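Understanding the architecture of this molecule
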There are 2 protein chains.
Amino acid sequence: MKHTKLWYLKKFNLLETFSAEEMISLKDVLIDNVVKKKQPIYLAGDPDENLYFLKEGRVKISRIDESGKEFTIILLEPGEIFGELGLFDDSPRETAAIALEDSIICMMKRRDFEKYAINKPELSFKLNKLMGLRLRQIESRIEELLFRDVPSRLARLLLRLFEQHPRETTNGTRINIKLSQQEIANLVGATREMTSMVLNSFKRSGLIRIESKYIYLIDRKELEKIAR
Amino acid sequence: MKHTKLWYLKKFNLLETFSAEEMISLKDVLIDNVVKKKQPIYLAGDPDENLYFLKEGRVKISRIDESGKEFTIILLEPGEIFGELGLFDDSPRETAAIALEDSIICMMKRRDFEKYAINKPELSFKLNKLMGLRLRQIESRIEELLFRDVPSRLARLLLRLFEQHPRETTNGTRINIKLSQQEIANLVGATREMTSMVLNSFKRSGLIRIESKYIYLIDRKELEKIAR
DNA sequence: CTACTTTTGTAATCCATTTTACAGAATTTC
DNA sequence: GAAATTCTGTAAAATGGATTACAAAAGTAG
């Protein structure tokens, strides 16, 4: 965790790459879209034609196996780009993107993006960097899955979420997404039951507090100890 | 496994992107290097300055945790590019690249590559595509780790290796890399002991045959069944 | 060819996590 | 605001795989 805080989030708002005029010309290819909570933006198996920008709300990217088991690869916050980033690949998607809250998604045909990218090496570079980052993130997740137990993984997840989706309130810092235990379980790669147990043990030890599905940070030090 | 055989391997030989003249001018920035079996090309923590092309031999890319446990992310064959592909990122490496055989590596400063990429959107595109592919591959590995048991994972690994590193001999198809059980274990995310047991059960059931560390395919159908 | 090192086979024990199975709480819907 | 649904807490039983612990085999070096 070299790049703390919002480093990776803020750095990669790809739309920033475009100038004011370009943004105007982009309007024709960009289409805004409202997606209701729990609705999919795309599912595994869909053809892979668009790129998306999350303007408002929260979206999760998940892999779901035949039996319905789900693993959530990443939670996105506004400003982030998604939609299998390996450009110009016509194979169907292997992930699903699902809105966790009512969200506004802005979408663009891959081909159109490609046109812009040709004249804007900067754009390709940014995308490259972003993908490199995602690659690393996901490699870390594998390492966690293999070498850490559930309490450690959960502590790590919470710390990550406190960094990536923080919200300072009068009652302390909280993760600014309402997550069910099932969603959390999908993020750490454990069962809902196990997640419940560990989460409650964290509560009892005074590491966190949960109020109407918002998780508040109480004792970062101790959480970090468990994260190892 | 949509893209069978050598699809992803052959498609992405980045050096192909360059014309004959360019290759000549590239000679100044490309440096050949011989690496002995078991020697690292780079280790986690190293500054991240070069890109590499594997010309001859085999290289594995691994994550190794503090206690020395290793997980091998990918095995590379000649023609493949490696070295954290998120260009222009100066953070230190998180993976290690280690030669599995005596290998010839061709290396290039990131900055130099960058210079070429600016005038060659095609190059960035290819790299993008490659990274997208690696991203997917690694996401599949996560899914496997979470949802499949060791026999299934091992069967899948073998099938993958028979596709990616095949060698037809008079005694049948074999995986053309000598892998110890430990290496295999690192690839499936299991212990050496477990890997030994399962590998032997595969032998006993007549799915594979092992001769001086080369694994030969006998019964693909049955292997696929176990892979589920 | 012999000694040394690395790799392999196997099996008993242990343990973290899943599975199964409910009951109670909280939310959403009508 | 009652009924239906979806979430949460907990705990006993089952289990897949890690750990531990050696001995045997294979490979390598002197």
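The structure displayed is predicted, hence computed values, not measured ones. (Residues numbered from 1 in each chain as written. Chains lettered and ligands numbered in written order. Predicted model: local features only at pLDDT ≥ 70, side-chain atom pairs only at ≥ 80, totals over all residues. Heavy atoms only, no water.)

Considering the pairing of strand S5 (residues 70–76) of chain B
All names here are of chain B. Counting buried residues along S5, seven of its seven residues qualify, which places the element largely inside the surrounding structure. Pairing between strand S4 (residues 59–64) and S5: six bridges, direction antiparallel. The partner of Ile-64 across the bridge, within S5, is Glu-70. Between S4 and S5, which pair antiparallel one after the other, the connecting turn spans five residues, and Gly-68 there sits at a positive phi close to 95 degrees. (Buried < 20%, exposed > 50% of the residue type's maximum accessible area, 1.4 Å probe, protein only. Helix = DSSP H or I, 4+ residues; strand = E, 2+ residues; numbered from the N terminus. Pairing = 2+ DSSP bridges.)

Focus: the interface of chain A and chain B
Listed per partner, the contact involves 48 residues of chain A and 48 residues of chain B. Carbon and sulfur atoms supply 61% of the area buried between chain A and chain B, which totals about 4300 Å² over both sides. Taken as a group, Phe-125, Arg-136 and Phe-147 of chain A account for 17% of the area that chain A buries against chain B, more than any other trio of residues on that side. On the surface where chain A and chain B come into contact, there are ten salt bridges. Among the ionic pairs, Arg-148 of chain A bridges to Glu-66 of chain B, the shortest N-O distance being 3.3 Å. Here chain A is connected to chain B by seven residue pairs in polar contact (both at pLDDT 80 or more). Those elements giving two or more residues to the side of chain A that touches chain B turn out to be strand S5 (70–76), helix H3 (110–119) and helix H4 (121–147) of chain A. Examining the composition of the side of chain A that touches chain B, we find that 21 residues originate from one element, H4 of chain A, more than from any other. (Contact = heavy atoms within 4.5 Å. Buried area = accessible area lost by both parts, 1.4 Å probe. Salt bridge = Lys/Arg side-chain N within 4 Å of Asp/Glu carboxyl O. Polar contact = N/O pair within 3.5 Å; in protein donor to acceptor, adjacent residues only side chain to side chain.)

Some points on the protein's contact with DNA strand C
Around DNA strand C, the surrounding shell holds 18 residues, and the nearest of these are Asp-149 and Val-150 of chain A together with Gln-181, Arg-192 and Arg-204 of chain B. The contact atoms of DNA strand C, taken as those within 4 Å of the protein, divide so that sugar and phosphate hold 64%. Contact distances for DNA strand C include 2.2 Å between a phosphate oxygen and a side-chain N or O atom of Gln-181 of chain B. Separating a phosphate oxygen of DNA strand C from a side-chain N or O atom of Ser-196 of chain B is a distance of 3.2 Å. Breaking the surface near DNA strand C down by element, the ones donating at least two residues are helix H5 (150–164) and helix H7 (192–204) of chain A together with helix H7 (192–204) of chain B. The element best represented in the surface near DNA strand C is H7 of chain B, accounting for seven residues. Split by residue class, the surface near DNA strand C holds five nonpolar, five polar and eight charged. (Near = heavy atom within 4 Å. Nonpolar A, V, L, I, M, F, W, Y, C, P; charged D, E, K, R; others polar.)

Examining the confidence of the model for chain A
Looking at chain A as a whole, the pLDDT averages 85, with 86% of positions reaching at least 70. Long-range and interchain partners of residues 1–11 of chain A, a stretch whose pLDDT sits below 50, account for 21 contacts in this model, where long-range means more than four residues apart. (pLDDT = per-residue confidence, 0-100.)

Focus: the protein's contact with DNA strand D
Around DNA strand D sit 18 residues, and of these Gln-181, Arg-192 and Arg-204 of chain A together with Asp-149 and Val-150 of chain B come closest. The contact atoms of DNA strand D, taken as those within 4 Å of the protein, divide so that sugar and phosphate hold 64%. Side-chain polar atom of Arg-192 of chain A to a base oxygen of DNA strand D: 2.9 Å apart, as the coordinates give it. Measuring from a phosphate oxygen of DNA strand D, one finds a side-chain N or O atom of Asn-200 of chain A at 3.4 Å. For the surface near DNA strand D, the secondary-structure elements that each account for two or more residues are H7 of chain A together with H7 of chain B. The leading source of residues in the surface near DNA strand D is H7 of chain A, at seven residues. Along the lines of polarity and charge, the residues of the surface near DNA strand D split into four nonpolar, five polar and nine charged.

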